[in-house]
Amino acid sequence: MLLLCEAGLDSCPQECWSIYPKTLGAFLDLPDNRILWTGMSIGYKDPANPANGLRANRAPADEWLIVHD
Ligand SMILES: Cc1cc2nc3c(=O)[nH]c(=O)nc-3n(C[C@H](O)[C@H](O)[C@H](O)COP(=O)(O)O)c2cc1C
């Protein structure tokens, strides 16, 4: 996703595909022991769409990141 970002593209992973194993399994012709777990949309976001302005809060990096030199 970072590489896509670097290439000017936006992306959104969606694990919700995994709740439709029968429908997607039939569509993708998957064996019974396989499911589609995560998909990812790739494209260009519409900056004018309010949904794309949502920003989740992030803990500051020094709360969770340890850098070993
Ligand atoms: C592997 C993965 C799967 C995800 N699947 C879903 C999903 O099925 N539905 C959903 O609403 N968000 C899903 N998310 C969360 C969104 O893609 C996204 O992370 C969230 O909207 C918050 O955006 P942000 O991470 O830029 O703050 C998933 C995230 C990851 C990393």
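Residues numbered from 1 in each chain as written. Predicted model: local features only at pLDDT ≥ 70, side-chain atom pairs only at ≥ 80, totals over all residues.

Visitor: Which residues make up the overall build of the protein, and what values go with them?
Guide: In terms of helices and strands, the protein carries three helices and two strands. Written out in order from the N terminus, the α and β elements of the protein read α-β-α-β-α. Computed over its C-alpha atoms, the radius of gyration of the protein comes to 17 Å, more than 25% above the 11 Å expected for a compact globule of 69 residues. With the C-alpha coordinates aligned to their principal axes, the bounding extent of the protein is approximately 45 × 40 × 25 Å. Of all 69 residues assigned to the protein, the portion counted as buried reaches 0%. Residue pairs at least 24 apart in sequence account for 51% of intrachain contacts in the protein once pairs closer than 6 positions are excluded. (Helix = DSSP H or I, 4+ residues; strand = E, 2+ residues; numbered from the N terminus. Rg over C-alpha atoms; globule rule 2.2 N^0.38 Å. Buried ≥ 20, exposed ≤ 12 C-beta atoms within 10 Å, placed from the backbone. Contact = placed C-beta atoms within 7 Å.)

Visitor: Tell me about the site of the ligand, residues and numbers included.
Guide: Inspection of the region around the ligand gives Cys12, Pro13, Gln14, Glu15, Cys16, Thr38 and Ala56 as its neighbouring residues. For the shell around the ligand, the class distribution of residues is four nonpolar, two polar and one charged. (Near = placed C-beta within 6 Å. Nonpolar A, V, L, I, M, F, W, Y, C, P; charged D, E, K, R; others polar.)

Visitor: Describe the environment of Gln14, with residues and values.
Guide: Mapped onto the elements, Gln14 comes out in strand E1 (residues 10-14). For the pair Gln14 and Arg55, spaced 41 residues apart in sequence, the C-alpha to C-alpha distance is 17 Å.

Visitor: Can you lay out unusual backbone geometry for me, pointing to particular residues and giving the numbers?
Guide: The phi torsion at Asp29 lies on the positive side, around 60°, for a residue other than glycine. Here Asp29 lies in the loop between helix H2 (21-28) and strand E2 (39-43).

Visitor: Go over the pairing of E2, please, and point to the residues and values.
Guide: Counting buried positions along E2 yields zero of five residues, so the element is predominantly exposed. The pairing of E1 with E2 spans five bridges and is antiparallel. The residue of E2 that forms the bridge with Pro13 is Met40. (Pairing = 2+ DSSP bridges.)

Visitor: Describe H2, and please don't skip the residues or the numbers.
Guide: Little of H2 is tucked away: zero of the eight residues are buried. Once H2 ends, the next one or two residues include Asp29, with phi positive near 60°.

Visitor: With reference to specific residues and values, describe the confidence of the model for the protein.
Guide: Put simply, the protein has an average pLDDT of 94, and 100% of its residues get 70 or more. The least confident element of the protein is E1, whose mean pLDDT is 94; the most confident is helix H1 (residues 2-6), at 97. (pLDDT = per-residue confidence, 0-100.)

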